[in-house]
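# Structural features, examined
Listed here are the chains, written in short residue letters.
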Amino acid sequence: MTDAAPHAVVTGATSGIGAAITAWLLREGWHVTGLSRNAPAVLPPGYAHRSVDLLDRAATLAALDGLAPTAFVHAAGLMRAGTLGGLQPGVGETLWRLHVDAACQIADTLTPRMPDGGRIVLLGSRAAGGSAGRGEYAASKGALLALARSWAAELLGRRITVNVVAPAATAT
């Protein structure tokens with residue numbers, strides 16, 4: 001971006017909480033680059049979209065090319081439930097790859113380009129403390145807390161803050 005407006009990269013920018021965060025940032029005068037599988041029907045002023053499946057590491061890396069944001073918001077996510085004795089193969093791996101691995105890959109790529117004083121926000125869940133029938137989901141969201149604490153310690157000298165916002169079920 002060439003002007004003074006701050007720039008955020010938001011995953012999951014076209015639906016749910018990610019779309020609400022994107023709309024708020026745009027209203028506040030931010031530029032937003034949205035990363036999600038599907039582009040919005042209308043591209044509002046200040047918004048750029050890069051279609052990407054965050055489970056595809058090579059495609060994600062390509063989508064990050066040239067981005068140097070002030071903030072990174074990882075709002076992409078999905079919830080799958082399953083109780084012991086009925087867990088579906090691959091579900092836990094998918095949740096982990098989307099919630100944790102994608103966050104790691106994107107933060108690892110963007111943080112060196114981020115200005116001092118930048119922001120990283122990870123969307124967690126109140127289920128991270130444990131929730132019957134949501135063990136795999138809770139584990140993937142709980143891992144974000146450890147990532148945020150670790151990254152915050154690493155980035156302290158650059159004044160880059162790292163936080164987890166953990167809502168309950170949310171209607172957006």
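What you see is a predicted model, and the numbers here were worked out from it, not measured in a lab.

## Topic: the nonpolar core
In this structure, Leu54, Phe72, Leu110, Ile120, Leu122 and Trp151 are the most contacted members of the largest nonpolar core, which totals 27 residues. For this core, the secondary structure elements donating two or more residues are helix H3 (91-110), strand S5 (119-123) and helix H4 (135-155). When residues in this core are grouped by element, the largest group, seven residues, is from H3. Excluding residues that lie within four positions of it along the chain, leucine 122 makes contacts with Phe72, His74, Ala103, Leu144, Leu147, Ala148, Trp151, Asn163, Val164 and Val165.

## Describing H3
Over its 20 residues, H3 runs 27 Å from end to end, which matches the ideal 28 Å to within 8%, given 1.5 Å per residue. Residue arginine 97 marks the point of greatest curvature in H3, where the axis turns by about 40 degrees.

## Some words on the pairing of S5
Where strand S4 (residues 71-74) meets S5, four bridges bridge the pair, whose relative direction is parallel. Considered in S5, the bridge of valine 73 is made with valine 121. One ladder, built from five bridges, connects S5 with strand S6 (residues 161-165); its direction is parallel. Within the sheet, the bridge partner assigned to leucine 122 lies in S6 and is valine 164. A crossover links S5 with its parallel partner S6, the connecting element being H4, and its sense is right-handed.

## Observations regarding the pattern of salt bridges
Scanning the model with the defined rule gives one salt bridge in all. Put simply, aspartate 116 and arginine 158 hold a salt bridge, and the shortest N to O gap is 2.9 Å. Of this pair, aspartate 116 sits in the loop between H3 and S5 while arginine 158 sits in the loop between H4 and S6, and the two are 42 residues apart along the sequence. Classification of arginine 158 as partly exposed rests on a relative accessible area of 24%.

## Some remarks on the environment of aspartate 56
When you line up the elements, aspartate 56 lands in the loop between strand S3 (47-51) and helix H2 (57-63). On the basis of relative accessibility, which here comes to 37%, the residue aspartate 56 falls in the partly exposed class. In the structure, aspartate 56 is positioned 42 residues away from leucine 98 in sequence and 9.6 Å away in space, judged by C-alpha atoms. Polar side-chain contacts of aspartate 56 include one of 3.0 Å to the backbone nitrogen of alanine 59.

## Observations regarding the sheet that holds strand S1 (residues 7-11)
Ordered by their spatial adjacency, six strands build an open sheet running S3-S2-S1-S4-S5-S6, and the pairing between neighbours is parallel. Edge positions in the sheet fall to S3 and S6, since each of these pairs with one other strand and no more. Averaged over neighbouring strand pairs, the angle between their axes works out to 15 degrees when direction is ignored. Relative to the sheet, helix H1 (residues 16-27) contacts S1, strand S2 (31-36), S3, S4 and S5, its axis offset from that of S1 by approximately 165 degrees. Along the sheet, H3 contacts S1, S4 and S5; its crossing angle with S4, the most-contacted strand, is approximately 170 degrees.

## Comments concerning the environment of arginine 80
Relative to the helices and strands, arginine 80 is located in the loop between S4 and H3. For arginine 80 and glutamate 136, which are 56 residues apart along the polypeptide, the C-alpha to C-alpha distance reads 8.0 Å. Setting aside anything within four residues of it in sequence, one finds arginine 80 in contact with Val91, Leu95 and Tyr137.

## Some thoughts on the packing of H3 against H4
Two elements in contact, H3 and H4, have axes separated by 8 Å at closest approach and are oriented at 20 degrees. Relative to H4, the element H3 is oriented roughly parallel. The hand of the H3/H4 crossing is right-handed. The residues of H4 that touch H3, namely those facing Val91, Gly92, Leu95, Trp96, His99, Val100, Ala103, Cys104 and Ala107, are Glu136, Tyr137, Ala139, Ser140, Lys141, Ala143, Leu144, Leu147 and Trp151. Split into classes, the residues belonging to the contact of H3 with H4 amount to 13 nonpolar, three polar and two charged.

Parameters at a glance
Residues numbered from 1 in each chain as written. Predicted model: local features only at pLDDT ≥ 70, side-chain atom pairs only at ≥ 80, totals over all residues. Heavy atoms only, no water. Core = buried A, V, L, I, M, F, W, Y, C linked by side-chain atoms within 4.5 Å. Buried < 20%, exposed > 50% of the residue type's maximum accessible area, 1.4 Å probe, protein only. Helix = DSSP H or I, 4+ residues; strand = E, 2+ residues; numbered from the N terminus. Contact = heavy atoms within 4.5 Å. Expected span 1.5 Å × (residues − 1). Bend = angle between axes of the 7 residues up to and from the residue. Pairing = 2+ DSSP bridges. Right-handed = clockwise from strand over helix to strand, strands pointing away. Salt bridge = Lys/Arg side-chain N within 4 Å of Asp/Glu carboxyl O. Polar contact = N/O pair within 3.5 Å; in protein donor to acceptor, adjacent residues only side chain to side chain. Axes fitted to C-alpha atoms, helices over the stretch in contact; angles between N-to-C directions. Parallel < 35°, antiparallel > 145°, perpendicular 65-115°, else oblique. Left-handed = near helix turned anticlockwise from the far one by under 90°. Nonpolar A, V, L, I, M, F, W, Y, C, P; charged D, E, K, R; others polar.

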